[in-house]
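# Results of the structural survey
What follows is the residue order along each chain.
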Amino acid sequence: MIQLSQISKTFNKGRSNQVNAVNGINLNISAGEFVVIVGSNGSGKSTLLNLIAGSIYADTGSINIDDNDVTKLPDYKRSKWIARVFQNPLSGTAPDLSIIDNFRLAAIRTKPKGLSIGIDEKFKQKVREQIAALNMGLETKLDQPMGTLSGGQRQALTLLMSVTDTCKILLLDEPTAALDPRSADMVMRTADNLIKQFGLTAILITHNLKDAYNYGTRLIQMSEGAVIHNLNTDEKLQITQNVLFEWFS
Ligand SMILES: Nc1ncnc2c1ncn2[C@@H]1O[C@H](COP(=O)(O)OP(=O)(O)O)[C@@H](O)[C@H]1O
Ligand SMILES: [Mg+2]
(Lines give C-alpha, C1' and ligand atoms only; values in the text may rest on other atoms or scores of the structure.)
(Ligands and ions follow the chains in the order given, each with its own letter.)
Protein backbone atom coordinates (compact mmCIF):
# COMPACT_ATOMS: atom_id res chain seq x y z
CA MET A 1 0.00 0.00 0.00
CA ILE A 2 2.79 2.44 0.95
CA GLN A 3 6.29 2.03 -0.46
CA LEU A 4 9.10 4.35 0.52
CA SER A 5 12.38 3.86 -1.26
CA GLN A 6 15.53 5.74 -0.33
CA ILE A 7 13.58 8.65 1.11
CA SER A 8 15.67 11.50 2.53
CA LYS A 9 14.83 14.97 3.79
CA THR A 10 17.27 17.64 4.90
CA PHE A 11 16.12 20.95 6.35
CA ASN A 12 18.19 24.15 5.95
CA LYS A 13 20.59 22.51 3.54
CA GLY A 14 24.07 24.05 3.45
CA ARG A 15 23.41 26.29 6.45
CA SER A 16 24.82 26.01 9.94
CA ASN A 17 21.47 24.76 11.20
CA GLN A 18 21.23 21.94 8.64
CA VAL A 19 19.24 18.92 9.90
CA ASN A 20 19.18 15.54 8.19
CA ALA A 21 15.69 14.71 9.44
CA VAL A 22 15.15 11.55 7.37
CA ASN A 23 18.07 9.55 6.01
CA GLY A 24 17.45 7.07 3.21
CA ILE A 25 14.45 5.24 4.59
CA ASN A 26 13.14 2.13 2.83
CA LEU A 27 9.79 0.93 4.05
CA ASN A 28 7.13 -1.34 2.63
CA ILE A 29 3.75 -1.18 4.34
CA SER A 30 1.11 -3.63 3.13
CA ALA A 31 -2.60 -2.87 2.95
CA GLY A 32 -4.28 -3.27 6.33
CA GLU A 33 -1.08 -3.00 8.34
CA PHE A 34 -1.14 -0.90 11.51
CA VAL A 35 2.38 0.44 11.99
CA VAL A 36 3.40 1.96 15.31
CA ILE A 37 6.44 4.23 15.30
CA VAL A 38 8.39 5.09 18.44
CA GLY A 39 11.57 7.14 18.77
CA SER A 40 12.98 9.99 20.81
CA ASN A 41 12.19 13.62 20.03
CA GLY A 42 13.73 14.82 16.80
CA SER A 43 14.27 11.33 15.38
CA GLY A 44 12.29 12.21 12.24
CA LYS A 45 8.93 10.56 12.97
CA SER A 46 6.71 13.54 12.11
CA THR A 47 8.83 14.37 9.08
CA LEU A 48 8.25 10.84 7.80
CA LEU A 49 4.48 11.24 8.19
CA ASN A 50 4.61 14.65 6.50
CA LEU A 51 6.49 13.09 3.57
CA ILE A 52 3.84 10.37 3.22
CA ALA A 53 1.02 12.93 3.44
CA GLY A 54 2.77 15.20 0.94
CA SER A 55 2.86 18.29 3.13
CA ILE A 56 6.60 18.26 2.43
CA TYR A 57 8.52 16.71 -0.47
CA ALA A 58 11.47 14.37 -0.22
CA ASP A 59 14.89 15.50 -1.49
CA THR A 60 15.64 12.03 -2.82
CA GLY A 61 13.81 8.76 -3.29
CA SER A 62 10.28 7.84 -4.25
CA ILE A 63 6.94 7.23 -2.58
CA ASN A 64 4.27 4.94 -3.97
CA ILE A 65 0.75 4.69 -2.62
CA ASP A 66 -1.45 1.92 -3.95
CA ASP A 67 0.97 1.49 -6.89
CA ASN A 68 0.73 5.18 -7.83
CA ASP A 69 3.96 7.19 -7.80
CA VAL A 70 2.94 10.12 -5.57
CA THR A 71 6.47 11.47 -4.99
CA LYS A 72 5.59 14.81 -6.61
CA LEU A 73 1.86 14.79 -5.83
CA PRO A 74 0.76 17.68 -3.54
CA ASP A 75 -0.96 16.88 -0.25
CA TYR A 76 -4.43 18.05 -1.31
CA LYS A 77 -4.38 15.50 -4.11
CA ARG A 78 -3.38 12.72 -1.69
CA SER A 79 -5.96 13.77 0.90
CA LYS A 80 -8.79 11.76 -0.63
CA TRP A 81 -6.92 8.60 0.44
CA ILE A 82 -5.13 9.93 3.49
CA ALA A 83 -6.68 11.06 6.77
CA ARG A 84 -4.57 12.68 9.46
CA VAL A 85 -5.03 13.29 13.15
CA PHE A 86 -2.62 15.39 15.19
CA GLN A 87 -1.71 15.82 18.85
CA ASN A 88 -3.81 18.89 19.52
CA PRO A 89 -7.54 18.04 19.79
CA LEU A 90 -8.28 21.65 18.80
CA SER A 91 -6.55 21.43 15.44
CA GLY A 92 -8.90 18.97 13.76
CA THR A 93 -12.26 20.67 14.22
CA ALA A 94 -14.07 24.02 14.26
CA PRO A 95 -14.95 24.82 17.91
CA ASP A 96 -17.88 27.18 17.24
CA LEU A 97 -19.64 24.81 14.86
CA SER A 98 -21.88 22.00 16.08
CA ILE A 99 -20.83 18.36 16.01
CA ILE A 100 -23.06 17.67 13.00
CA ASP A 101 -21.75 20.71 11.09
CA ASN A 102 -18.17 19.56 11.70
CA PHE A 103 -19.11 16.17 10.22
CA ARG A 104 -20.73 17.96 7.24
CA LEU A 105 -17.56 19.99 6.63
CA ALA A 106 -15.41 16.87 6.82
CA ALA A 107 -17.69 15.02 4.40
CA ILE A 108 -17.77 17.90 1.92
CA ARG A 109 -13.98 18.26 1.95
CA THR A 110 -13.39 14.94 0.24
CA LYS A 111 -16.36 15.01 -2.15
CA PRO A 112 -15.89 16.24 -5.73
CA LYS A 113 -17.14 19.81 -6.20
CA GLY A 114 -20.88 20.13 -6.64
CA LEU A 115 -21.75 16.75 -5.21
CA SER A 116 -24.11 16.97 -2.27
CA ILE A 117 -23.61 14.91 0.88
CA GLY A 118 -27.06 13.37 0.67
CA ILE A 119 -30.43 14.15 2.17
CA ASP A 120 -29.84 16.02 5.38
CA GLU A 121 -31.78 13.75 7.72
CA LYS A 122 -30.18 10.65 6.21
CA PHE A 123 -26.70 12.10 6.73
CA LYS A 124 -27.57 13.08 10.29
CA GLN A 125 -28.84 9.58 11.04
CA LYS A 126 -25.65 8.00 9.68
CA VAL A 127 -23.50 10.29 11.83
CA ARG A 128 -25.72 9.61 14.85
CA GLU A 129 -25.19 5.86 14.45
CA GLN A 130 -21.44 6.26 14.03
CA ILE A 131 -21.21 8.42 17.14
CA ALA A 132 -23.47 6.11 19.16
CA ALA A 133 -20.98 3.29 18.50
CA LEU A 134 -18.39 5.25 20.50
CA ASN A 135 -20.52 4.74 23.64
CA MET A 136 -19.85 8.28 24.84
CA GLY A 137 -23.48 9.43 24.85
CA LEU A 138 -22.72 12.13 22.29
CA GLU A 139 -25.32 10.95 19.76
CA THR A 140 -27.93 13.08 21.56
CA LYS A 141 -25.75 16.19 21.38
CA LEU A 142 -25.26 16.61 17.63
CA ASP A 143 -26.20 20.30 17.78
CA GLN A 144 -23.80 21.12 20.61
CA PRO A 145 -20.74 23.22 19.66
CA MET A 146 -17.59 21.11 19.24
CA GLY A 147 -15.71 23.49 21.55
CA THR A 148 -17.84 22.49 24.55
CA LEU A 149 -16.56 18.89 24.47
CA SER A 150 -13.58 17.48 26.35
CA GLY A 151 -10.27 16.94 24.55
CA GLY A 152 -10.80 13.19 24.47
CA GLN A 153 -14.32 13.49 23.07
CA ARG A 154 -13.11 15.90 20.38
CA GLN A 155 -10.22 13.68 19.45
CA ALA A 156 -12.50 10.61 19.15
CA LEU A 157 -14.91 12.58 16.93
CA THR A 158 -12.00 13.97 14.88
CA LEU A 159 -10.92 10.40 14.21
CA LEU A 160 -14.43 9.38 13.22
CA MET A 161 -14.96 12.26 10.80
CA SER A 162 -11.49 11.99 9.28
CA VAL A 163 -12.21 8.47 8.06
CA THR A 164 -14.37 9.13 5.00
CA ASP A 165 -15.55 6.75 2.26
CA THR A 166 -12.47 7.25 0.10
CA CYS A 167 -9.96 7.06 2.93
CA LYS A 168 -7.48 4.17 2.82
CA ILE A 169 -4.69 5.45 5.02
CA LEU A 170 -4.83 6.91 8.53
CA LEU A 171 -1.84 8.87 9.87
CA LEU A 172 -1.84 9.56 13.60
CA ASP A 173 0.85 11.84 15.04
CA GLU A 174 0.76 11.49 18.84
CA PRO A 175 -3.07 11.73 18.92
CA THR A 176 -3.26 11.01 22.66
CA ALA A 177 -0.28 13.03 23.91
CA ALA A 178 -2.43 15.93 25.14
CA LEU A 179 -5.04 13.76 26.86
CA ASP A 180 -5.51 12.35 30.37
CA PRO A 181 -4.89 8.58 30.61
CA ARG A 182 -8.57 7.55 30.49
CA SER A 183 -9.36 9.71 27.48
CA ALA A 184 -6.16 8.52 25.82
CA ASP A 185 -7.26 4.88 26.25
CA MET A 186 -10.67 5.66 24.81
CA VAL A 187 -9.14 7.41 21.78
CA MET A 188 -6.70 4.54 21.18
CA ARG A 189 -9.53 1.99 21.28
CA THR A 190 -11.57 4.16 18.90
CA ALA A 191 -8.64 4.38 16.49
CA ASP A 192 -8.01 0.63 16.65
CA ASN A 193 -11.70 -0.14 16.01
CA LEU A 194 -11.88 2.25 13.05
CA ILE A 195 -8.73 0.79 11.53
CA LYS A 196 -10.17 -2.72 11.78
CA GLN A 197 -13.71 -1.76 10.72
CA PHE A 198 -12.58 0.07 7.57
CA GLY A 199 -9.56 -2.14 6.87
CA LEU A 200 -7.34 0.94 6.92
CA THR A 201 -3.60 1.03 6.56
CA ALA A 202 -2.46 3.06 9.55
CA ILE A 203 0.65 4.65 11.01
CA LEU A 204 0.67 5.80 14.63
CA ILE A 205 3.43 7.82 16.26
CA THR A 206 3.37 7.51 20.03
CA HIS A 207 5.53 8.06 23.09
CA ASN A 208 3.32 5.70 25.07
CA LEU A 209 5.30 2.44 25.08
CA LYS A 210 2.38 0.51 26.54
CA ASP A 211 0.23 1.50 23.55
CA ALA A 212 3.14 0.75 21.22
CA TYR A 213 3.31 -2.73 22.71
CA ASN A 214 -0.42 -3.42 22.77
CA TYR A 215 -1.52 -1.97 19.44
CA GLY A 216 -0.49 -2.43 15.84
CA THR A 217 0.76 -5.16 13.54
CA ARG A 218 4.27 -3.75 13.10
CA LEU A 219 6.53 -1.89 15.48
CA ILE A 220 9.22 0.50 14.27
CA GLN A 221 11.81 2.48 16.18
CA MET A 222 13.39 5.50 14.52
CA SER A 223 16.62 7.19 15.51
CA GLU A 224 18.40 10.03 13.75
CA GLY A 225 16.20 9.81 10.69
CA ALA A 226 16.61 6.06 10.23
CA VAL A 227 14.64 2.93 11.05
CA ILE A 228 16.66 1.02 13.64
CA HIS A 229 14.06 -1.60 14.64
CA ASN A 230 11.31 -3.00 12.45
CA LEU A 231 9.33 -5.90 13.94
CA ASN A 232 6.43 -7.66 12.25
CA THR A 233 3.60 -9.19 14.28
CA ASP A 234 5.40 -12.50 14.93
CA GLU A 235 8.63 -10.77 15.93
CA LYS A 236 6.70 -8.39 18.15
CA LEU A 237 5.02 -11.28 19.95
CA GLN A 238 8.47 -12.59 20.85
CA ILE A 239 9.56 -9.52 22.77
CA THR A 240 8.37 -8.43 26.20
CA GLN A 241 7.34 -4.89 27.01
CA ASN A 242 10.63 -4.55 28.92
CA VAL A 243 12.60 -5.03 25.71
CA LEU A 244 10.76 -2.03 24.31
CA PHE A 245 11.70 0.03 27.38
CA GLU A 246 15.34 -1.04 26.94
CA TRP A 247 15.35 0.41 23.41
CA PHE A 248 15.23 3.81 25.07
CA SER A 249 17.78 3.30 27.84
N1 LIG B 1 10.19 22.52 8.91
C2 LIG B 1 11.36 22.27 9.53
N3 LIG B 1 12.40 23.12 9.39
C4 LIG B 1 13.58 22.86 9.99
N5 LIG B 1 13.84 21.77 10.75
C6 LIG B 1 12.84 20.89 10.92
C7 LIG B 1 11.54 21.09 10.32
N8 LIG B 1 10.75 20.04 10.66
C9 LIG B 1 11.51 19.24 11.44
N10 LIG B 1 12.77 19.74 11.59
C11 LIG B 1 13.86 19.11 12.34
O12 LIG B 1 14.01 17.78 11.86
C13 LIG B 1 14.29 16.88 12.92
C14 LIG B 1 13.22 15.81 12.98
O15 LIG B 1 12.02 16.42 13.38
P16 LIG B 1 10.65 15.63 13.57
O17 LIG B 1 10.42 14.82 12.37
O18 LIG B 1 9.62 16.62 13.94
O19 LIG B 1 11.00 14.68 14.81
P20 LIG B 1 10.04 13.83 15.75
O21 LIG B 1 8.67 13.90 15.21
O22 LIG B 1 10.61 12.45 15.73
O23 LIG B 1 10.17 14.44 17.11
C24 LIG B 1 14.35 17.73 14.19
O25 LIG B 1 15.71 18.04 14.43
C26 LIG B 1 13.57 18.96 13.81
O27 LIG B 1 14.01 20.08 14.54
MG1 LIG C 1 6.88 14.67 16.07
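The structure reproduced in this document is the subject of the present report.

Here is what the cut-offs are and how they apply
- Residues numbered from 1 in each chain as written.
- Chains lettered and ligands numbered in written order.
- Predicted model: local features only at pLDDT ≥ 70, side-chain atom pairs only at ≥ 80, totals over all residues.
- Heavy atoms only, no water.
- Core = buried A, V, L, I, M, F, W, Y, C linked by side-chain atoms within 4.5 Å.
- Buried < 20%, exposed > 50% of the residue type's maximum accessible area, 1.4 Å probe, protein only.
- Contact = heavy atoms within 4.5 Å.
- Helix = DSSP H or I, 4+ residues; strand = E, 2+ residues; numbered from the N terminus.
- Axes fitted to C-alpha atoms, helices over the stretch in contact; angles between N-to-C directions.
- Parallel < 35°, antiparallel > 145°, perpendicular 65-115°, else oblique.
- Nonpolar A, V, L, I, M, F, W, Y, C, P; charged D, E, K, R; others polar.
- Near = heavy atom within 4 Å.
- Polar contact = N/O pair within 3.5 Å; in protein donor to acceptor, adjacent residues only side chain to side chain.

### Re the nonpolar core
In terms of nonpolar packing, the biggest core is built from 47 residues, with I99, F103, I131, L157, L159, L170 and L219 touching the most fellow members. Other than its neighbours up to four places away in sequence, F103 contacts F123, V127, Q130, I131, L157, L160 and M161. If you look at the next biggest cluster of nonpolar residues, it comprises 28 residues, including V22, I25, I82 and I220.

### Considerations on unusual backbone geometry
Here the phi dihedral of E174 falls at roughly 50°; this positive angle occurs in a residue that is not glycine. Positionally, E174 belongs in the loop between β7 (169-173) and α6 (181-198). On the accessibility criterion, E174 (15% relative accessible area) is buried.

### Looking at the packing of helix α3 (residues 99-109) against helix α4 (residues 120-132)
Interhelical geometry of α3 versus α4 gives an angle of 105° and a closest axis separation of 11 Å. Judged by the angle between their axes, α3 and α4 are roughly perpendicular. Seen from α3, the contacting residues are I99, I100, F103, R104 and A107; seen from α4, they are D120, F123, K124, V127, Q130 and I131. In terms of residue class, the contact of α3 with α4 is made up of seven nonpolar, one polar and three charged.

### Some details on the environment of H229
Structurally, H229 can be placed in strand β10 (residues 226-232). Sequence separation between H229 and L219 is ten residues; the distance between their C-alpha atoms is 7.6 Å.

### Quick notes on the site of ligand 1
The immediate surroundings of ligand 1 are formed by F11, N12, V19, A21, S40, N41, G42, S43, G44, K45, S46 and T47. Between ligand 1 and G44 there is a distance of 3.0 Å, counted from an oxygen atom to a backbone nitrogen or oxygen. Note that an oxygen atom of ligand 1 is positioned 2.7 Å from one of the side-chain N or O atoms of K45. Ranked by the residues each element gives to the shell around ligand 1, the list is headed by helix α1 (residues 45-53), at three residues. Here the shell around ligand 1 is composed, by residue class, of three nonpolar, eight polar and one charged.

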